[in-house]
Amino acid sequence: MIPSEWLPVAIIITPLVTGFLLIPLGPYTSKKFQGFFATIASFLTFVFTVLLFLKVIDGTIVIHKMAGWKAPFGIVLVVDALNGFVTMVVVGIVMLATVYSIEYMKHDTGLSYYYSLLMLMLSGMVGVTLTGDLFNLFVFLEIASIAAYGLVAFRLTELDPLEAGFKYCIMGAVATSFILLAIGLLYGLLGTVNMADMAEKLKTGNFLYGAKNGNIILPIILAVLIWGFGIKAAVVPMHTWLPDAHPAAPSPISAILSGVFIKVGVYAMIRVLFTIYGIQPGNCLLFYVMTFGVITMVFAGFLALAQSDVKRMLAFSSIMNIGYILFGVGIGNFLGLVGGLFHLLNHAILKALLFLAAGSIIHQTGIRDMRQLGGLGRKMPITLTVFVIGGFGIAGVPPLNGFVSKWIIFKAAIETGQPILIFYVVMGVVMSAVAVAYIVNALRNIFFGESKIDLENVEESPPLMLIPMVILSAMVVILGIFPQFGFNLVEPAVKATVFPASYIHQVLGG
Amino acid sequence: MEGMTVIVKTVTRILAPVMFLVGIYVTLHGHLTPGGGFQGGVMLAGTFVMLLLAFGVASLEKKVSFRVGETVKGIGAAMIAFTAVVGLIFGFWFFKNIGVYWYGIPGEVFSAGSLPLYNIWEAAHVALAFLVAFYCFTKKESGDKK
Amino acid sequence: MICMVLVAISMYCILCKRNLIKIVIGLTVLGDSINLFLICLGYKFGGIPPIITEEYLRNLPVFFTLAVDPLPQAFVLTAIVINMSITALALALAVKIYQYYGTLDATKIRRLKG
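The residue numbering used here restarts from 1 in each chain and proceeds along that chain's sequence as written. Working convention: letters from A go to chains and numbers from 1 go to ligands, in the order in which they are written. In keeping with the predicted nature of the model, local features appear solely for residues at pLDDT of at least 70, side-chain atom pairs appear and are counted solely at 80 or more, and the whole-chain, interface and lining totals rest on all residues. With hydrogens and water excluded, all non-hydrogen atoms of the structure serve as input to the side-chain values.

Asks: Which residues make up the overall build of chain A, and what values go with them?
Replies: To qualify as a helix, a DSSP run of H or I must reach at least 4 residues; to qualify as a strand, a run of E must reach at least 2; elements of each kind are numbered from the N terminus. Within chain A one finds 19 helices and 2 strands. For every residue, the accessible area obtained with a 1.4 Å probe (protein chains only) is divided by the maximum for its type, and the residue is called buried under 20%, exposed over 50%, and partly exposed between those limits. Across the 510 residues that make up chain A, the buried fraction comes to 68%. Contacts are assigned to residue pairs with any non-hydrogen atoms lying within 4.5 Å of each other. When contacts within chain A are restricted to residue pairs at least 6 apart in sequence, those whose partners lie at least 24 apart make up 81%. Here the open area of atoms and residues is found with the Shrake-Rupley method and a 1.4 Å probe, where only the protein chains shown may cover a residue. Surface exposure of chain A reaches about 16100 Å², of which carbon and sulfur atoms provide 70%.

In structure tokens, the structure reads:
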């Protein structure tokens, strides 16, 4: 059948070719056809991703050398368990959102551009997660970002998307310029951009032309990289684009942006920190990452309480959960990483679910302001159920998966025994309570009580929109009751992160 | 958008074919001299934009309409990916440089495997992408990105 | 050194200027200054462009020692393309904003808060 080395390429190429083909085919085909074409392409990509993950789950690494050039000379696509795991999350959520958007975007024009940009964004994100080369990561991150800027500003006839898209575009472009600067500095210092090669050279201290003071620049480069990826991932001092961009985008795009695209920024940070720099737990740099995470968590959680627009509240909740993930990652030991990555998976599912549910409400009623809605519980029961499941999952209520990942993160923090971490855990628990508060507030406003305006003609959403939401909420419940499934996915990823030696050895030797 | 004065139109009529040729030259000799697909494509796009500015959108739209521009642009992009996939199937690694276009002597135009093919598709894609983008800039009501 | 001055100027331009088009220009200058920095990374004193011509074809080791490092040039090429497409997108958005708001002043386009 297909050789396993072709799988990473197939995963990148399928959405890419689909995106390119949809542009010329646009005027000649109907909207439904374009939607189904995109869905089939994303489904194929998902099948390839699952096959790939099954291959790397036991620690073997799939390497694809582009054009046959060996590792330090050519660009390689390297897939280990961390890559495979994040890619599976990415492609799964995008596939479900594509199905959703067949129905949601029926009334918009220019849909061929929408699907084409969606496929290009998928291709870019998958490229970020699958590459083994830092410059290639930059290129694919840019592809995904540009597609994201376009998708946020998709509805050109409204004013919100335009302004939000412009702001996002400028901030994102500044971010990637600085990432490029840091990559250039790393190249100048080490003479290579291959991640495994860089890790090797950093371990042995082998700088280019024997530069003696390389050790001074390295933390600065790392700081610039984390700052740049942090803008993409919406960490607090750099998050200002997110509360404007995510509500202004069409709902399936908000789901993908919040659920997946931010995680890709976090994945890039994890890659740089653990694989290239080879940081071990207890390093003080991880402490700064953790502090960033906690600040993000607190700041965004309190801001989310004050929102009256349901999508804006969900956007702030996204920032808060990125804070949780960074907190988990920053703890650095095995359990902390398990918690952080598991929360990545959980939050991707939960936030996508919540944004799709919010989109369902907006699609049926046309209103985003929570204070004007009300009493939808009787008319849209399935939406109510999925919103409750998603909302309680985000808040961390026990039988659902949000609770499991937050519990692991707190446990990992307490296990290290340092007093400042206990303080952080207390903040984490407080913010969970805040999350419960704003979710319950949203539920009360939207679904129960009386509505201020006439909502007589509202009925339940069409089935194509309901199916992805039901699938996602089923996953939420299953992962909550049987977290073993989640652990089976996350543990190989964490093993691959904490022990990068076999990664380096296989990329450079093979 | 209306066109410009007679002087601009005459000068453009003389310069445009020259720019077009230079663009194609830069594209085809991409593996020998500095340049290549992207640079040649930008020069071709510059030609189109110059024509658009000098003569007005309407007259250019009669020659290269919006639909034709979009279609060829999409095909150009898809052909890049296609050539890469052909490299995958026949050469086992993605983007491999197979001897599609004669492994000639280095220094000749017809040499260097599939590189000139990439250059040509790339130039077509970039030039038409710019043209389509400029069409969208000049429309009043609807439009799109890139 | 000059690159860092350019970076500083462009950051000031992006953050403090009001006109949307000036913000986009600042973005372009930022990208260009970083590209300049990348090219300077690969420079060798007295180097030649990294293109194999006839006289160097037989004398490859000499060529490799004399030629400037071509890898940053490939990076810069890619980065130029990416920055160009971002500029195109930002300008397209700016055109649309102008058509709807009638103004290009960033402080007046403040419908979204926070």
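Asks: Could you give me a rundown of the overall build of chain B, with the residues and numbers involved?
Replies: What chain B contains, in helices and strands, is 5 helices and 0 strands. Tracing chain B from N to C terminus, the helices and strands come up as α-α-α-α-α. Looking at chain B as a whole, 42% of its 146 residues qualify as buried. Within chain B, counting contacts between residues at least 6 apart in sequence, those at least 24 apart form 66% of the total.

Asks: Lay out the packing of helix 12 (residues 310-331) of chain A against helix 15 (residues 401-416) of chain A in plain terms, naming residues and giving numbers.
Replies: Residue and element names in this part refer to chain A. Helix axes are fitted only over the stretch in contact, all axes being lines through C-alpha atoms; the angle between N-to-C directions runs from 0 to 180 degrees. Between helix 12 and helix 15, the least distance of the axes is 10 Å, while the angle of their chain directions is 40°. For the pair helix 12 and helix 15, the crossing hand works out as left-handed. Residues Asn-321, Tyr-324, Phe-327, Gly-328 and Ile-331 of helix 12 lie in contact with helix 15, whose contacting residues are Lys-406, Ile-409, Phe-410, Ala-412, Ala-413 and Thr-416. Note on residue classes: Ala, Val, Leu, Ile, Met, Phe, Trp, Tyr, Cys and Pro are nonpolar, Asp, Glu, Lys and Arg are charged, and everything else, Gly too, is polar. Counted by class, the contact of helix 12 with helix 15 contains 7 nonpolar, 3 polar and 1 charged residues. Each crossing gets its handedness from the near helix: less than a right angle anticlockwise from the far helix is left-handed, clockwise is right-handed.

Asks: I'd like to hear about the environment of Leu-303 of chain A, residue by residue, with values.
Replies: Residue and element names in this part refer to chain A. Inspection of the secondary structure puts Leu-303 in helix 11 (residues 284-305). By relative accessible area, Leu-303 is classed as partly exposed at 32%. Placed 92 residues apart in sequence, Leu-303 and Ala-395 show a C-alpha to C-alpha distance of 15 Å.

Asks: I'd like a description of the environment of Phe-134 of chain B, backed by residues and values.
Replies: All names here are of chain B. Assignment of secondary structure puts Phe-134 in helix 5 (residues 115-137). Judged by relative accessible area, which is 26%, Phe-134 ranks as partly exposed. Phe-134 sits 85 residues away from Val-49 along the chain, and the two C-alpha atoms are 7.6 Å apart. Look past the residues within four positions of Phe-134 in its chain and what remains in contact with it is Val-49 and Leu-52.

Asks: I'd like to hear about the packing of aromatic side chains, residue by residue, with values.
Replies: All names here are of chain A. Side-chain rings of Phe, Tyr and Trp (the six-membered ring for Trp) are treated as a pair once their centres are within 6.5 Å; stacked means planes under 30 degrees apart, edge-to-face means over 60, and tilted covers the remaining angles. Following the criterion strictly, the structure yields 10 aromatic pairs over all chains and no others. Where Tyr-114 meets Tyr-115, the ring centres are 5.2 Å apart and the plane angle is 75°; that geometry is what we call edge-to-face. Ring geometry for Phe-178 and Trp-227: centres 5.3 Å apart, planes at 85°, overall edge-to-face. On the criterion of sequence distance, the pair formed by Phe-178 in helix 6 (residues 159-190) and Trp-227 in helix 8 (residues 214-233) is long-range, its members being 49 residues apart. Judged by its relative accessible area of 12%, Phe-178 is buried.

Asks: Describe the side chain of Ser-42 of chain A, naming the residues involved and giving the relevant values.
Replies: Residue and element names in this part refer to chain A. If you trace the backbone, Ser-42 turns up in helix 2 (residues 31-56). Take Ser-42: its relative accessible area is 0%, and that puts it in the buried class. Excluding anything up to four places from it in sequence, Ser-42 contacts Val-91, Met-95, Thr-98, Met-119 and Leu-122.

Asks: Summarise the environment of Leu-257 of chain A; cite the residues concerned and give the values.
Replies: Along the chain, Leu-257 of chain A falls in helix 10 (residues 251-276). Leave out the neighbours within four places in its chain, and Leu-257 of chain A touches Met-121, Ala-148, Val-152, Tyr-168, His-246 and Ile-262 of chain A.

Asks: I'd like to hear about the side chain of Ser-123 of chain A, residue by residue, with values.
Replies: Residues and elements named next belong to chain A. Examined against the element boundaries, Ser-123 turns out to sit in helix 4 (residues 111-130). On the basis of relative accessibility, which here comes to 0%, the residue Ser-123 falls in the buried class. If we skip the residues at most four places from it in the chain, Ser-123 touches Ile-12, Pro-15, Leu-16 and Phe-140.

Asks: For a nonpolar patch on the surface, give the residues involved together with the corresponding values.
Replies: All names here are of chain B. A cluster of nonpolar side chains, namely Ile-7, Val-11, Leu-15, Val-18 and Val-22, defines an oily patch on the protein surface of about 410 Å² accessible area. For Leu-15, the position within the fold is in helix 1 (residues 6-28). Leu-15 sits in the partly exposed class, given a relative accessible area of 39%. Patch criteria: residues need more than 30% relative accessible area and no salt bridge. Like-charged residues are merged within 9 Å; nonpolar side chains of Val, Leu, Ile, Met, Phe, Trp and Tyr are merged within 5 Å. Salt bridges are identified by distance alone: a Lys or Arg side-chain nitrogen within 4 Å of an Asp or Glu carboxyl oxygen.

Asks: Mind laying out the nonpolar core, listing which residues take part and the relevant values?
Replies: If you look at the biggest cluster of nonpolar residues, it comprises 219 residues, and the most contacted ones within it are Met-125 and Phe-327 of chain A. Excluding anything up to four places from it in sequence, Met-125 of chain A contacts Val-90, Val-94, Ala-144, Ile-256, Val-260, Phe-261 and Val-264 of chain A. The nonpolar core is taken to be a set of buried Ala, Val, Leu, Ile, Met, Phe, Trp, Tyr and Cys residues, with the residues joined through side-chain atoms within 4.5 Å. Core analysis: the next-biggest nonpolar cluster, separate from the first, contains 7 residues, Leu-44, Leu-52, Ala-127 and Leu-128 of chain B among them.

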